[in-house]
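These are the residues of each chain, in order.
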Amino acid sequence: MTTLDTPAPAAPATAAARAVRAWHTLRSSRTAVIGLAVVAVHVLIALLAPLLTSYDPVASDAGQALLGPGGHHWAGTDQYGRDVLTRVLHGGRYALGVSAAATVLTVALGTVIGCAAALRGGWFDDLLGRVLDAVLSVPSILALLVVVTALGTGPAVIVLAVAVVYVPQVVRVIRGAALAVVPADYVTAARARGEGTWSILRREVLPNIVDVVCVEFAMRASWVVLLISSLSFLGFGAAPPTPDWGLMVAENRTAITVVPLASLAPIIALATLVVGLNLAADGLSKAWGVDRIRKGTR
């Protein structure tokens, strides 16, 4: 019981107060603003792609194959006569859509499991650590190929495969952040009141590690985009004639000396998106004081 001489346990800041503080801090980070602006431009272009071009991204025209940049085709055409710029603009839809779904699932599962491990501790934490070590010992691309080969291709399978590959890494990061919160007075008070693990996780732990979760989301998204594009390049991702950046590079690499933009344009689009996500992650980590190296994210 709290007395006049004993201060009450410190309570976590309200969601509204944390949101306002995060917004003001974010605005002070030029790196984060630039990175988020680049990502926002990619999202806007992907949403408006059908309005930005009049060409069909999947329709072939053998008579227009391997054309250089010109008035009708600003970035030229590929070996199937498809407008390169149109396919690049529409390719962002697949890359952003699948990557966003995979990142949300990965970070959500990793956050819940990581917080649960920090709260429960004991044998559960030890067993989880051994399982994570076993999964992390397998190279990411190899684990991804095994899952896709076993379950088949398709957006849903790719999202699941990415989660299998990256959830262990997210769990380690979030567990480390949650371990710093678990000894706090307000968590101890919640346990003394008899609150369950899920209630403590949702009301006491998560609001105090939301900055780490946001940084992890931005950083993990850049890796997911690259991994999914690599999968498409290897022939296990998007199926032809789906407009996808990794698939476009694979389809046009043999004609790079004839129509270099057919391969370079999707590479540039992918690179700018990844750079934007990395800038956002770095800016957020510096603005919110999240040490990504110490948290084990690299």
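Residues numbered from 1 in each chain as written. Predicted model: local features only at pLDDT ≥ 70, side-chain atom pairs only at ≥ 80, totals over all residues. Heavy atoms only, no water.

Here the focus is the overall build of the protein. Check the secondary structure of the protein and you find ten helices and zero strands. Its helices and strands in sequence order give the protein the pattern α-α-α-α-α-α-α-α-α-α, from N to C terminus. Every one of the 298 residues in the protein was classed for burial, and the buried ones make up 45%. Intrachain contacts of the protein at a sequence separation of at least 6 include 72% that bridge at least 24 residues. Roughly 14900 Å² of accessible area belongs to the protein as shown, and the carbon and sulfur atoms make up 68% of that amount. (Helix = DSSP H or I, 4+ residues; strand = E, 2+ residues; numbered from the N terminus. Buried < 20%, exposed > 50% of the residue type's maximum accessible area, 1.4 Å probe, protein only. Contact = heavy atoms within 4.5 Å. Areas by Shrake-Rupley, 256 points an atom, 1.4 Å probe, with all protein chains shown as cover.)

Moving on to the confidence of the model for the protein. Scored by pLDDT, the protein comes out at a mean of 84, with 89% of its residues at no less than 70. Considering only residues more than four positions removed or in separate chains, one finds that residues 1–12, a stretch of pLDDT under 50, has 13 contacts. In the model, residues 292–298 has pLDDT below 50 throughout and makes 18 contacts with residues more than four positions away in sequence or in other chains. (pLDDT = per-residue confidence, 0-100.)

Attention now moves to the pattern of salt bridges. Oppositely charged side chains may form a pair once their charged atoms are brought near each other. What the rule picks out here adds up to eleven salt bridges. Note that Arg-87 and Asp-78 form a salt bridge whose closest N and O atoms lie 4.0 Å from each other. No difference in accessibility class separates Arg-87 from Asp-78, as the two residues are buried. Glu-204 is the salt-bridge partner of Arg-193, the closest N and O atoms lying 3.8 Å from each other. With Arg-193 in the loop between helix H7 (185–192) and helix H8 (197–233) and Glu-204 in helix H8, the pair connects residues that are eleven residues apart, well separated along the chain. Taken together, the shared-partner salt bridges in this structure form one network comprising Asp-78, Arg-82, Arg-87 and Glu-251. (Salt bridge = Lys/Arg side-chain N within 4 Å of Asp/Glu carboxyl O.)

We now examine the packing of helix H3 (residues 84–120) against helix H6 (residues 155–179). Closest axis-to-axis distance for the H3/H6 pair is 6 Å, and the angle between their directions is 40°. One way to sum up the angle between H3 and H6 is to call them oblique. Crossing hand, H3 versus H6: right-handed. Classifying every residue of the contact of H3 with H6 gives 23 nonpolar, four polar and one charged. (Axes fitted to C-alpha atoms, helices over the stretch in contact; angles between N-to-C directions. Parallel < 35°, antiparallel > 145°, perpendicular 65-115°, else oblique. Left-handed = near helix turned anticlockwise from the far one by under 90°. Nonpolar A, V, L, I, M, F, W, Y, C, P; charged D, E, K, R; others polar.)

Judged by nonpolar contacts, the single largest core of 28 residues is most densely connected at Cys-115, Leu-119, Ile-174, Val-187, Val-205 and Ile-209. Among the secondary structure elements, those contributing two or more residues to this core are H3, H6, H7, H8 and helix H10 (261–288). It is H8 that provides the largest number of residues to this core, a total of nine residues. With sequence-adjacent residues up to four places away left out, Ile-209 is seen in contact with Cys-115, Ile-174, Ala-177, Ala-178 and Val-181. Within the second largest apolar cluster, 20 residues are counted, among which are Trp-245, Val-259, Leu-270 and Val-274. (Core = buried A, V, L, I, M, F, W, Y, C linked by side-chain atoms within 4.5 Å.)

Counting buried residues along helix H9 (residues 245–252), eight of its eight residues qualify, which places the element largely inside the surrounding structure. Where H9 is concerned, the buried positions are Trp-245, Gly-246, Leu-247, Met-248, Val-249, Ala-250, Glu-251 and Asn-252. Its side-chain oxygen 3.2 Å from the backbone nitrogen of Gly-246, Asp-244 forms the N-cap of H9. (Polar contact = N/O pair within 3.5 Å; in protein donor to acceptor, adjacent residues only side chain to side chain.)

Attention now goes to the packing of aromatic side chains. Here the structure, examined in full by the defined rule, presents two aromatic pairs. With centroids separated by 6.1 Å and ring planes inclined at 90°, the aromatic side chains of Trp-123 and Phe-124 adopt a geometry described as edge-to-face. A relative accessible area of 62% places Trp-123 in the exposed class. By relative accessible area, Phe-124 is classed as partly exposed at 27%. Consider the rings of Tyr-166 and Trp-223, whose centres lie 6.3 Å apart with planes at 45°: the pair is tilted. Taken as a pair, Tyr-166 in helix H6 and Trp-223 in helix H8 lie far apart in primary sequence, 57 residues in all. Given a relative accessible area of 28%, Trp-223 falls into the partly exposed group. Above the face of the Tyr-166 ring, Arg-220 is positioned so that its terminal group lies 5.3 Å from the ring centre. (Phe/Tyr/Trp six-rings, centres within 6.5 Å; stacked < 30°, edge-to-face > 60°. Lys NZ or Arg CZ within 6 Å of the ring centre and 35° of its normal.)

Positionally, Ala-40 belongs in helix H2 (residues 30–52). The sequence separation of Ala-40 and Gly-276 amounts to 236 residues, and the corresponding C-alpha distance is 9.1 Å.

This part is about the packing of H3 against H10. With their axes 10 Å apart at the nearest point, H3 and H10 run at an angle of 35° to one another. Seen along the crossing, H3 lies across H10 with a hand that is right-handed. In this structure, H3 contributes Val-84, Val-88 and Leu-96 to the contact, and H10 contributes Leu-261, Ala-262, Ala-265, Pro-266, Ala-269 and Leu-273.

A word on unusual backbone geometry. Most peptide bonds take the trans form, and the phi angle of most residues other than glycine is negative. That bond from Pro-240 to Pro-241 is cis: its omega, 5°, falls within 30 degrees of zero. Along the chain, Pro-241 falls in the loop between H8 and H9. Despite not being glycine, Leu-66 has its phi angle at roughly 55°, a positive value. Among the structural elements, Leu-66 can be located in the loop between H2 and H3.

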